[in-house]
Amino acid sequence: FKNQNVKLAMHPYGCRVIQRLLEHCSSQQRNNMLKEILDHTQGLARNQYGNYVIQHVLIHGSARHRAAVIKSFHGIILPLSKHKFASNVIEKCVTHATRQERQLLIEEILGTDRTDVNPPLMGMVRDQFANYVIQRLVDVMDPEQRQYLIQRIHRHLPNLRKIPYGKHIVARIEKIAGYNL
């Protein structure tokens, strides 16, 4: 399907075919398909069918392919997290990232300016799709990363508790951490 993989990935049946081919074809065939697909990760992540192909790469792909997908989203985690289809892809990024990759995602979500009164996290917590990315992040981060998150959001707790999705996130952090914030 040379030069047709992206088109097929955005088709209701084609996306299923691409996923099965990625599972059952040879390494050389898989690498050729992924070379084309990985050049279009952002568009596929936003597509109602293509997002399933990118999720499939994150779940079943090699560490090199997962890293390429995650790297392609660097700098646009916030808008992708707020997108109906791409948010599912970002959840898979969070789940299947290495510790180092997850740390970079955390930094992007928390923002680099510690004095920022409105870090990207606050916009994500308010969003109907992005809040699930934060919940998944809380579930999969290691204790050190969770402590870092708690430190960074502590000053935002009063606002988080007022936001419907924020309440869920605070409750989830408290449950996993084992203490009230």
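Given the structure is predicted, the values throughout are model-derived calculations rather than measurements.

Conventions used here
- Each residue is numbered by its place in its chain's sequence as written, counting from 1.
- At least 70 in pLDDT is required for a residue's local features to be given in this predicted model, at least 80 for side-chain atom pairs to be given and counted, and no such filter applies to totals for whole chains, interfaces and linings, which use all residues.
- With hydrogens and water stripped out, all remaining heavy atoms of the structure feed into the side-chain values.
- Strands here are runs of E lasting at least two residues and helices are runs of H or I lasting at least four, both read from the DSSP assignment and numbered beginning at the N terminus.
- Note on method: radius of gyration uses C-alpha positions; expected globular size equals 2.2 Å times residues raised to 0.38.
- Burial status follows relative accessibility: with a 1.4 Å probe on protein chains alone, a residue under 20% of its type maximum counts as buried, one over 50% as exposed, and anything between as partly exposed.
- The contact criterion used is simple: two residues touch if any of their non-hydrogen atoms lie within 4.5 Å.
- Residue-level accessible areas treat just the shown protein chains as cover; the underlying method is Shrake-Rupley with a 1.4 Å probe.
- The charged-residue count follows a simple rule in which Lys and Arg add positive charge and Asp and Glu add negative charge, with His and chain termini not counted at all.
- We count a salt bridge whenever a side-chain nitrogen from Lys or Arg sits within 4 Å of a carboxyl oxygen from Asp or Glu.
- For this analysis, a polar contact is any N or O atom pair within 3.5 Å, provided that within protein one partner can donate a hydrogen and the other can accept it, and provided that sequence-adjacent residues contribute only side-chain to side-chain pairs.

### Quick notes on the overall build of the protein chain
Link 1 in the chain: The secondary structure content of the protein chain amounts to 14 helices and zero strands.
Link 2 in the chain: In the protein chain, the succession of helices and strands from N to C terminus is α-α-α-α-α-α-α-α-α-α-α-α-α-α.
Link 3 in the chain: Compactness check: the protein chain gives a C-alpha radius of gyration of 17 Å against a globular reference of 16 Å for 181 residues, within 12% of the reference.
Link 4 in the chain: C-alpha extents for the protein chain along the principal axes are approximately 55 × 25 × 25 Å.
Link 5 in the chain: For the protein chain, the residues scored as buried account for 46% of the 181 residues in total.
Link 6 in the chain: Long-range contacts, defined here as pairs at least 24 residues apart, represent 67% of the contacts in the protein chain between residues at least 6 apart.
Link 7 in the chain: A total accessible area of about 9,600 Å² is found for the protein chain, and carbon and sulfur atoms account for 52% of it.

### Notes on the side chain of Arg102
Link 1 in the chain: Turning to its location among the elements, Arg102 is positioned in helix H9 (residues 99–110).
Link 2 in the chain: No salt bridge is formed by the buried Arg102; its nearest oppositely charged neighbour, Asp142, is found at 5.7 Å.
Link 3 in the chain: Polar side-chain contacts of Arg102 include one of 3.0 Å to the backbone oxygen of Ala97.
Link 4 in the chain: Excluding its chain neighbours within four sequence positions, the residues that come into contact with Arg102 are Val94, Thr95, Ala97, Leu137, Val140, Met141 and Gln145.

### Section: the side chain of His156
Link 1 in the chain: When you line up the elements, His156 lands in the loop between helix H12 (143–153) and helix H13 (157–160).
Link 2 in the chain: Setting aside chain neighbours within four positions, we find His156 in contact with Asp116, Val117, Pro119 and Met122.

### Some points on the environment of Phe73
Link 1 in the chain: Inspection of the secondary structure puts Phe73 in the loop between helix H6 (63–72) and helix H7 (77–81).
Link 2 in the chain: Sequence separation between Phe73 and Gln19 is 54 residues, and the spatial gap between their C-alpha atoms is 21 Å.
Link 3 in the chain: In this structure, Phe73 is in contact with Thr41, Gln42, Ala45, Ile54, Leu80, Val89, Ile90, Cys93 and Glu108, ignoring residues within four places of it in sequence.

### Quick word on the pattern of salt bridges
Oppositely charged side chains may form a pair once their charged atoms are brought near each other.
Link 1 in the chain: All chains considered together, the criterion is met by seven salt bridges.
Link 2 in the chain: With its nearest N and O atoms 3.5 Å apart, the salt bridge here joins Arg136 to Glu91. Taken as a pair, Arg136 in helix H11 (residues 130–140) and Glu91 in helix H8 (residues 86–96) lie far apart in primary sequence, 45 residues in all.
Link 3 in the chain: The closest approach of N and O atoms between Glu174 and Arg161, which form a salt bridge, is 3.5 Å. With Glu174 in helix H14 (residues 164–177) and Arg161 in the loop between H13 and H14, this residue pair connects regions lying 13 residues apart in the sequence.

### A word on H12
Link 1 in the chain: Regarding H12, the residues found buried are Gln145, Arg146, Tyr148, Leu149, Ile150, Arg152 and Ile153.
Link 2 in the chain: Buried residues belonging to H12 abut H9, helix H10 (120–126), H11, H13 and H14.
Link 3 in the chain: One side-chain oxygen at the N-terminal end of H12 lies 3.1 Å from the backbone nitrogen of Glu144; it belongs to Asp142.

### Brief notes about the environment of His56
Link 1 in the chain: Secondary-structure assignment places His56 in helix H5 (residues 50–60).
Link 2 in the chain: Remark: the alpha-carbon pair of His56 and Leu160, spanning 104 residues in sequence, is separated by 33 Å.
Link 3 in the chain: A distance of 3.2 Å separates a polar side-chain atom of His56 from the backbone oxygen of Gln19.

### A word on unusual backbone geometry
Link 1 in the chain: The phi dihedral of Asn3 is positive, around 65°, even though this residue is not glycine.
Link 2 in the chain: Secondary-structure assignment places Asn3 in the segment before helix H1 (5–9).
Link 3 in the chain: Its relative accessible area of 59% is what places Asn3 among the exposed residues.

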